[in-house]
Amino acid sequence: MYKLVLVSLSLLLAPAAAFGAEADVIVADFEGDSYGEWVATGEAFGPGPAKGTLSGQMHVEGYEGQRLVNSFFKGDATTGTLTSPEFTLQRKFVCFLIGGGQHEGKTCINLLVAGKVARTATGTNDKPGGSERLDWHSWDVSDLAGKKVRLQIVDAATGGWGHVNVDHILQSDTRRGSQLARRELVVATNYLQLPVKTGAAKRRVKFLIDGRTVREFEIELAEKDADFQALADVRPFKGKALTIEALLPSDSNALNAVTPSDEQPLSSDADQNRPGLHFTSRRGWLNDPNGLVQHAGEWHLFYQHNPYGWSWGNMHWGHAVSKDLLHWTELPTALYPQQWGDWAFSGSAVVDARNTSGFKTGSDDVLVAAYTSTGRGECIVFSNDRGRTWTEFDKNPVVKHNGRDPKLVWHAASSRWVMAVYDEQPDAPTAEAKQGISFFTSPDLKEWTFASRIDGFYECPDLFPLAIDGDKANQKWVLYAADGKYVLGDFDGKTFTKESGKHQVWFGNFYAAQTFDNAPNGRRVQIGWGQGIEFKNRPFNQQMTIPVELTLRPTSRGVRLFAWPVKEVEAASQGRAHATILSIDRLKLVPGREVTVTVGGTLDQFDLTLELEVGTAEKITLTVCGTPIVYDAKQKKLACRHVTAPVSTCQGRVSLRVIGDRGSLEIFVNKGEAALSIGHTPSDTDRTWKALATGGEATLHRPSIANLNATE
Ligand code: FRU
């Protein structure tokens, strides 16, 4: 049915009203199944207003009602125009919702006066991955009052974002769309809480002091019903007059909802439901661990962090410290982006014990970190106060190339620093050569010289020597990349010589791992990002994997890395409320007959160990509170949810250790030969532990589960 609302005839003919706050006049809401009196040319606008998203298009949102003008009909390649009947301007503003491509004159809406373009507006997207959201736009047309005009929607673009979306065109005395909102306050507290609604339009917010921008970030500011409060740390600005500025819809109240606060709010349920054995940032998003270093009895965990949202963005370096690798204290953000668009991407930190850099000022050893500033290149910062505050080296960037993620290593044999850094060469002749790791050397962490490049490695490199079976006379260098793939070889301080193919110890939700510099007793402790482990409806998102100690051991397939939870996990679990649910010597499994142990509570933090004697069974399934872990004897594979890893048997046995937490299961096979990180939410209704053998018999030796979160 044709329901297009046009300006009524009387209004069309009426003389321009004096500008007061008169009722809005709807020019078109595009709710009908045809364009009515609007005239379409070409194909792009289809037979009539679209019912939302068209075939092959990303999700379209932000329009009103059921339909809108969407020129993605048959994709981006089609073109056309859509022109309104003539009408008279009789309000101060013409307002409309618009989205789609940002091609001036090509994906746009024009206001035509006597056939000439008097105003024009495009969509806002010019990049892959943009959003199909429509936003308000307003033209001030007071100078054209009383003029007879037409609107023309144009799609003359055929490439990426070659379409325009328009809806709900009004004449109004109230501007719709963004205007600069400002709020001034004197900083008297540690934080400002900013209400966030995940999925709301992203707003660019600035904090200014004396007219100078001191913070700038994007945030999904909530107009109402905030999901959580992001915490902007304003400690450095105490006592100063701070201006908050953002382009916001004219009726927005969001800046009024920004509230000063001294404490990080701790009491909400969301906080109580944090993982107990894994690091999560109290607020916002995290990804790669950065700057892992042990110094003055503290383990430092810096990390890629968006303090202002649940998803990736606004890259900062968050910071936490721990005495035992398990209990972390969050400290203020360590690295802020220097300016909008110059994000603090991944990097590493070292203790410069010899003060080669000359950065040391106090009695403590100086910490030096390297990170990727996306606007400048690889940059150096240093800290003389145990990592609490950092100073930029005044000659940054120290390395400029096409890449990121510098890992600093002291190469003792050549008495030099090495930077292993991901390097991209998009024009390289082979796929292998496009992505690699470059090595630079330096005597002082300030002046760097290119040494060599190795092809075929992904981002976030790590490089370290490790003794085989603890024998210091027999060590190999390990070159490790973000995807968890590593090679063994020799590194002479300049060039890495491979002596093995690529191997992998971690599987599943695991990415961009790094090992600690300066760990005591030669320990090689690694933490990864549990990539993709989500905490829906919580103020935080993503977690780090449990810290593991890496060792090199000979196996029947050659020397391999092993990963095993650091010994601090056992020590800490002994100090916790702890209930042993099951601890028996042997459990024989008869095919098809499931053994069920009632756990009695939610198993949301536990440590399970057992040895599986595979026997004649084809499959053995251990189901922990509803989540099956399946060993497939034929395929020699272990599977849990979306993660599968190859597993070998030793004299017909496989040993398993499963560490469960509120967001994950981590399975360590055969004392660390393989490790699986699996995003998982523990069931709070299924309170059983089950074991089942199929196709034959199997035996579980010494199955034992400790509930690390026992409340009674
Ligand atoms: C890996 C990565 C790094 C980059 C960082 C940005 O997850 O893409 O290469 O430095 O994340 O957050």
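You'll find the structure just up there.
Each chain carries its own residue numbering, running from 1 in the direction its sequence is written. Predicted model: local features are reported for residues with pLDDT of at least 70 only, side-chain atom pairs are reported and counted for 80 or more only, and whole-chain, interface and lining totals are derived from all residues. In computing side-chain values, all of the structure's heavy atoms are included and hydrogens and water are not.

### Re the overall build of the protein
For step 1, the next point in the chain: Numbering of helices and strands runs from the N terminus, with a helix taken as a DSSP run of H or I at least four residues long and a strand as a DSSP run of E at least two residues long. In terms of helices and strands, the protein carries four helices and 57 strands.
For step 2, the next point in the chain: Overall, the protein is about 90 × 70 × 55 Å in size when its C-alpha atoms are taken along their principal axes.
For step 3, the next point in the chain: Categorising residues by exposure relies on relative accessible area from a 1.4 Å probe, with only protein chains included: less than 20% of the type maximum marks a residue as buried, more than 50% marks it as exposed, and the intermediate range marks it as partly exposed. Counting only residues that meet the buried cut, the protein has 55% of its 712 residues in that class.
For step 4, the next point in the chain: The contact criterion used throughout is that any non-hydrogen atoms of two residues lie within 4.5 Å. The contacts of the protein with a sequence gap of at least 6 include a subset with a gap of at least 24, amounting to 64%.
For step 5, the next point in the chain: Each accessible area value is a Shrake-Rupley result obtained with a 1.4 Å probe; residue values ignore everything except the protein chains displayed when judging cover. Taken as a whole, the protein presents about 29,400 Å² of accessible surface, with 48% of it coming from carbon and sulfur.
For step 6, the next point in the chain: Taken as two groups, the 76 positive and 83 negative side-chain charges of the protein have centres that lie 2 Å from each other. Think of it this way: Lys and Arg go in the positive column, Asp and Glu in the negative one, and His and the chain ends go nowhere. Just so you know, the charge point we use is NZ for Lys, CZ for Arg, CG for Asp and CD for Glu.

### A look at the environment of Ser383
For step 1, the next point in the chain: Residue placement: Ser383 occurs in strand E27 (residues 377-383).
For step 2, the next point in the chain: Judged by relative accessible area, which is 1%, Ser383 ranks as buried.
For step 3, the next point in the chain: Between the C-alpha atoms of Ser383 and Val351, which are 32 residues apart in sequence, the distance is 9.8 Å.
For step 4, the next point in the chain: Beyond its immediate chain neighbours, meaning those up to four positions away, Ser383 contacts Val366, Leu367, Arg388, Thr389 and Trp390.

### Things to note about the nonpolar core
For step 1, the next point in the chain: In this description, a nonpolar core means a group of buried Ala, Val, Leu, Ile, Met, Phe, Trp, Tyr and Cys residues linked to one another through side-chain atoms lying within 4.5 Å. Of all hydrophobic cores here, the largest spans 50 residues; its most connected members are Trp328, Tyr480, Trp506, Phe516 and Leu561.
For step 2, the next point in the chain: Contact partners of Trp328, with chain neighbours within four places excluded, come to Phe279, Trp299, Leu301, Ala320, Val321, Ser322, Phe516 and Ile527.
For step 3, the next point in the chain: If you look at the next biggest cluster of nonpolar residues, it comprises 39 residues, including Leu603, Val624, Leu656 and Ala693.

### What about the sheet that holds strand E22 (residues 298-306)?
For step 1, the next point in the chain: Whether two strands pair depends on DSSP finding at least two bridges between them. The five strands lie next to each other as E24-E23-E22-E21-E41, forming an open sheet whose pairing is mixed. On the outer flanks of this sheet lie strand E24 (328-335) and strand E41 (540-541), each paired with one strand and no other.
For step 2, the next point in the chain: As paired elements, strand E21 (residues 284-295) and E41 share two bridges and run parallel to each other. Bridge pairing in E41 links Gly284 to Phe540.

### Here we look at the pattern of salt bridges
For step 1, the next point in the chain: Here, a salt bridge means any Lys or Arg side-chain nitrogen found within 4 Å of an Asp or Glu carboxyl oxygen. For the structure shown, the criterion picks out 30 salt bridges.
For step 2, the next point in the chain: Salt-bridge contacts for Arg204 lead to Glu216; the nearest nitrogen and oxygen are separated by 3.0 Å. With a gap of twelve residues between them, Arg204 in strand E16 (residues 203-209) and Glu216 in strand E17 (residues 212-219) connect regions that are remote in the sequence.
For step 3, the next point in the chain: Residue classification places Glu216 among the buried positions, given a relative accessible area of 18%.
For step 4, the next point in the chain: Among the salt bridges present, the one from Arg657 reaches Glu570, with a minimum N-O distance of 3.4 Å. Residue Arg657 is located in strand E53 (residues 653-660), and its partner Glu570 is located in helix H4 (residues 568-574); the two are separated by 87 residues in the primary sequence.

### Overview of the side chain of Gln152
For step 1, the next point in the chain: Examined against the element boundaries, Gln152 turns out to sit in strand E12 (residues 148-155).
For step 2, the next point in the chain: Residues adjacent in sequence count toward polar contacts only when both atoms are side-chain atoms; beyond that, a polar contact is any pair of N or O atoms within 3.5 Å, and within protein one must be able to donate a hydrogen and the other to accept it. Only 3.1 Å separates the side chain of Gln152 from the side chain of Thr83, close enough to count as a polar contact.
For step 3, the next point in the chain: Discounting chain neighbours no more than four positions away, the residues touching Gln152 are Thr81, Leu82, Thr83, Cys108, Ile109, Asn110 and Leu112.

### Focus on the environment of Ser142
For step 1, the next point in the chain: Residue position: Ser142 is located in the loop between strand E11 (135-140) and E12.
For step 2, the next point in the chain: Expressed as a C-alpha distance, the spacing of Ser142 and Lys446, which sit 304 residues apart in the sequence, is 59 Å.

### Here's the deal with the sheet that holds strand E52 (residues 643-646)
For step 1, the next point in the chain: Pairing is antiparallel across the open sheet formed by six strands, whose spatial order is E47-E56-E49-E50-E51-E52. The sheet is open, and its two edges are formed by strand E47 (595-598) and E52, each paired on a single side. Neighbour to neighbour, the strand axes of the sheet diverge by 15° on average, direction disregarded.
For step 2, the next point in the chain: The pairing of strand E49 (residues 619-624) with strand E56 (residues 688-694) spans six bridges and is classified as antiparallel. Only C-alpha atoms enter the line fits that serve as axes; for helices the fit covers just the stretch in contact. Angles between N-to-C directions range over 0 to 180 degrees.

### Remarks on the site of the ligand
For step 1, the next point in the chain: We call a residue near a molecule or strand as soon as one heavy atom of that residue lies within 4 Å of the molecule or strand. The environment of the ligand is formed by 13 residues, the closest being Asp288, Gln304, Trp312, Arg404 and Asp405.
For step 2, the next point in the chain: Side-chain polar atom of Gln304 to an oxygen atom of the ligand: 2.7 Å apart, as the coordinates give it.
For step 3, the next point in the chain: A distance of 2.7 Å is found between an oxygen atom of the ligand and a side-chain nitrogen or oxygen belonging to Arg404.
For step 4, the next point in the chain: Mapped by element, the contributors of at least two residues to the shell around the ligand are E21, strand E25 (344-352) and strand E29 (403-411).

### Focus on unusual backbone geometry
Trans is the common state for peptide bonds, and a negative phi is the common state for residues other than glycine.
For step 1, the next point in the chain: Of note, the bond from Asn396 into Pro397 is cis; its omega dihedral lies within 30 degrees of zero at 0°.
For step 2, the next point in the chain: Position of Pro397 relative to the elements: it lies in the loop between strand E28 (391-392) and E29.

These results come straight from atomic positions and should not be treated as a statement about function.
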